[in-house]
Amino acid sequence: MHVRLDGREVQWRARAALDLLLYLLSHPEGCTRRQLLDGLWAADVNPRSNTHFRVTLHRLRATLGGSGSVTERSGRFHLSADLWRASDIYRLYAALESAGPGHDPAAKIAALESAVEVYHGDYLAGYDAEWTEEAREQHRAAYVRAHLELSRLYCAARECGRSVRALSEALRTDPYAGETHHQRLMICLSAVGEASEATDHYRRFVRFLRDELSDEPLPGTQRLARRIHAGEHLCERAGGLRAPLVWPWFSPLVPEGHGPAGLRALLQADVSSIQAGPGVQA
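Residues numbered from 1 in each chain as written. Predicted model: local features only at pLDDT ≥ 70, side-chain atom pairs only at ≥ 80, totals over all residues. Heavy atoms only, no water.

**Points about unusual backbone geometry**
Item 1. The backbone of Ala42 shows a phi angle near 50°, a positive value even though the residue is not glycine.
Item 2. For Ala42, the position within the fold is in the loop between α2 (33-41) and α3 (47-64).
Item 3. What makes Ala42 exposed here is its relative accessible area of 66%.
Item 4. Of note in the backbone geometry, Ser214 takes a positive phi value of approximately 50° without being a glycine. (Helix = DSSP H or I, 4+ residues; strand = E, 2+ residues; numbered from the N terminus. Buried < 20%, exposed > 50% of the residue type's maximum accessible area, 1.4 Å probe, protein only.)

Right under this line is the structure:
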C-alpha cells in the first residue's frame, strides 16, 4: 500500500490520519461520524471522541492538500472526486466500465487488459482490519470476473493460449469461482495439446475439494476427466468433436453490472465523457 503526493511517498505523522483515509477509501458511499468512530476506533460519540475525530480529520486534510480533499455532504464524509480519480481502485473500475455492453470485442479486450494490469494483489494486503474485508472481496471478485470475461473473448477469437492463461489466473485467485470454470480449463488445456496438464489440474481440483470442502467433483467433471485422459478432443473451436460447455457472459463489475456504490455516478460520467470525445459535453 502506497500513498503518494506529487510523486513522493507521504510521511504520516499520525497513524490515525492514514487509517481515516483508508476507511474512506474502503467506503466509497461515504460514512457518518458515528460509523467512522465505531468502525475505526470502536468509540461512541462523545466529546472526547469528537475531538479526536476533528483533529484526525484536520491532519488528513492538511496532509492531502486542503479541506476539499475530504468533504461532508448530508452528514456523510467522502473523499473528493479528484482523490478518487488518483486511486488505483478508480482506474480498475473505470477500465471495467469501458468494457461494458455495446463495445466490439477488441475494445473490450483492451479495456479488460488495462483493468487487470492495475490489480497488483489483494486490496490492503496485510492490513488486518475487519472493515477492509468487504472492499477486498469486492475488488478481488471484479479482478476474477475480468479474467473470466477475457478468457471468453480470447476463446471466441481462437486465441487459445491467452484464454488458458486468463482462465488459470482467475482460478488461481479464486478457486471457488465455480466448477464449470475448472471444467472449461481442463477442456482448454487439452485443446492446446496439454492433456497431461488438464489431468494434473483435475487431480489438484480433486485434492482441493477434499481438503477444503470435504467434497468430490461433480459426476460430469469426473466423466470429462476420463474423456480427456482417453484422448478425446472436446473443443469445437480447436477442431474437436463438440463443445460440451457454453461460455457464460460475465460482467466484470459487481453482479448487478455496476461499480462500487458511491463511485458509480463518477465512473459512468467520466467514461461517458471519454467516449464522447474531446470537446463534447457528455
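**A closer look at the packing of helix α5 (residues 88-97) against helix α7 (residues 133-156)**
Item 1. The N-to-C vectors of α5 and α7 enclose an angle of 35°; their axes lie 11 Å apart at closest approach. Of the two possible hands of crossing, α5 and α7 adopt the one that is left-handed. Facing Ile89, Leu92, Tyr93 and Leu96 of α5, the residues of α7 in contact are Gln138, His139, Ala142 and Ala146.
Item 2. Broken down by class, the residue content of the contact of α5 with α7 amounts to six nonpolar, two polar and no charged. (Axes fitted to C-alpha atoms, helices over the stretch in contact; angles between N-to-C directions. Left-handed = near helix turned anticlockwise from the far one by under 90°. Contact = heavy atoms within 4.5 Å. Nonpolar A, V, L, I, M, F, W, Y, C, P; charged D, E, K, R; others polar.)

**Structural notes on the nonpolar core**
Item 1. Membership of the largest hydrophobic core comes to 53 residues, with the highest contact counts inside it found for Leu20, Leu24, Leu36 and Leu96.
Item 2. Counting residues per element, this core draws most heavily on helix α1 (residues 15-25), at eight residues.
Item 3. Excluding residues that lie within four positions of it along the chain, Leu24 makes contacts with Cys31, Leu36, Val70, Phe77, Leu79 and Trp84.
Item 4. By size, the runner-up hydrophobic cluster in this structure holds 18 residues, among which are Ala170, Met186, Ala198 and Ile228. (Core = buried A, V, L, I, M, F, W, Y, C linked by side-chain atoms within 4.5 Å.)

**Quick notes on the pairing of strand β4 (residues 70-73)**
Item 1. Across four bridges, β4 lies against strand β5 (residues 76-79) in antiparallel orientation. When the sheet's bridge partners are listed, Thr71 is paired in β5 with His78. (Pairing = 2+ DSSP bridges.)

**A look at the pattern of salt bridges**
Item 1. In the structure shown here, the tally under the stated rule is twelve salt bridges.
Item 2. In this structure, Arg15 and Asp19 form a salt bridge, with 3.0 Å as the shortest nitrogen-oxygen distance. Taken as a pair, Arg15 and Asp19 lie in helix α1 at a separation of four residues, close to a single helical turn.
Item 3. We note a salt bridge from Glu133 to Arg136, for which the minimum N-O separation is 2.6 Å. Of this pair, Glu133 and Arg136 are both found in helix α7, three residues apart, which corresponds to roughly one turn of the helix.
Item 4. The exposure class of Glu133 is partly exposed, given its relative accessible area of 34%.
Item 5. Among the residues examined, Arg136 registers a relative accessible area of 9% and is labelled buried. (Salt bridge = Lys/Arg side-chain N within 4 Å of Asp/Glu carboxyl O.)

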